Amino acid sequence: MEGFWTGAVKYCGIAAVAGFVGWKVYPQMIGSPYLKNLTHTELFALLALIVIVVFGLCLVLVNAGTKRGPGNNTVTITESTVHGDVQAGNNTTPDNK
């Protein structure tokens, strides 16, 4: 359930940005002399395409900043002397505190 709220905040925020862009662009689309030959249905389809493209672009930008490494958990220790046990990694079990 932890990932649900992170995803909900991230994706709802992106949808809000895409909706705001569509809300600002649509009146300009209706008044554009270049698009005056389009019907209202075609204008709405164009708006939906713009909103989907903005949503996808925001999604790519947000996910590009949160990408992790390839998952290779290798620890390299050189020229060290170890006395006792050495542990590396995410050992988060409750009995190993």
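Before any of the text, the structure's been laid out above.
A. Spatial organisation of the overall build of the chain. From N to C terminus, the chain includes two helices and zero strands. Of all 97 residues assigned to the chain, the portion counted as buried reaches 10%. Relative to all contacts within the chain whose residues are 6 or more apart in sequence, the contacts with residues 24 or more apart total 59%. Taken as a whole, the chain presents about 8,500 Å² of accessible surface, with 62% of it coming from carbon and sulfur.

B. Local environment of the packing of aromatic side chains. The tally for this structure, following the rule as stated, stands at one aromatic pair. Here the aromatic rings of Phe 20 and Trp 23 are separated by 5.9 Å at their centres, their planes lie at 40°, and the arrangement is tilted. Taken together, the residues span about one helical turn, with Phe 20 and Trp 23 both in helix α1 (residues 2-30) at a distance of three residues.

C. Local environment of the side chain of Ser 32. Tracing the backbone shows Ser 32 in the loop between α1 and α2 (40-65). Ser 32 sits in the buried class, given a relative accessible area of 15%. Engagement of the side chain of Ser 32 in a polar contact is seen with the backbone nitrogen of Tyr 34, the distance being 3.2 Å.

D. Representation of α2 in the model. With 26 residues, α2 extends 38 Å from end C-alpha to end C-alpha; this agrees with the ideal 38 Å at 1.5 Å per step. Buried residues of α2: Leu 43, Leu 47, Val 54 and Cys 58, and no others.

E. Representation of the environment of Val 17 in the model. Its location among the elements puts Val 17 in helix α1. Along the sequence, Val 17 and Phe 55 sit 38 residues apart, while their C-alpha atoms lie 7.6 Å from each other.

Cut-offs applied
- Residues numbered from 1 in each chain as written.
- Predicted model: local features only at pLDDT ≥ 70, side-chain atom pairs only at ≥ 80, totals over all residues.
- Heavy atoms only, no water.
- Helix = DSSP H or I, 4+ residues; strand = E, 2+ residues; numbered from the N terminus.
- Buried < 20%, exposed > 50% of the residue type's maximum accessible area, 1.4 Å probe, protein only.
- Contact = heavy atoms within 4.5 Å.
- Areas by Shrake-Rupley, 256 points an atom, 1.4 Å probe, with all protein chains shown as cover.
- Phe/Tyr/Trp six-rings, centres within 6.5 Å; stacked < 30°, edge-to-face > 60°.
- Polar contact = N/O pair within 3.5 Å; in protein donor to acceptor, adjacent residues only side chain to side chain.
- Expected span 1.5 Å × (residues − 1).

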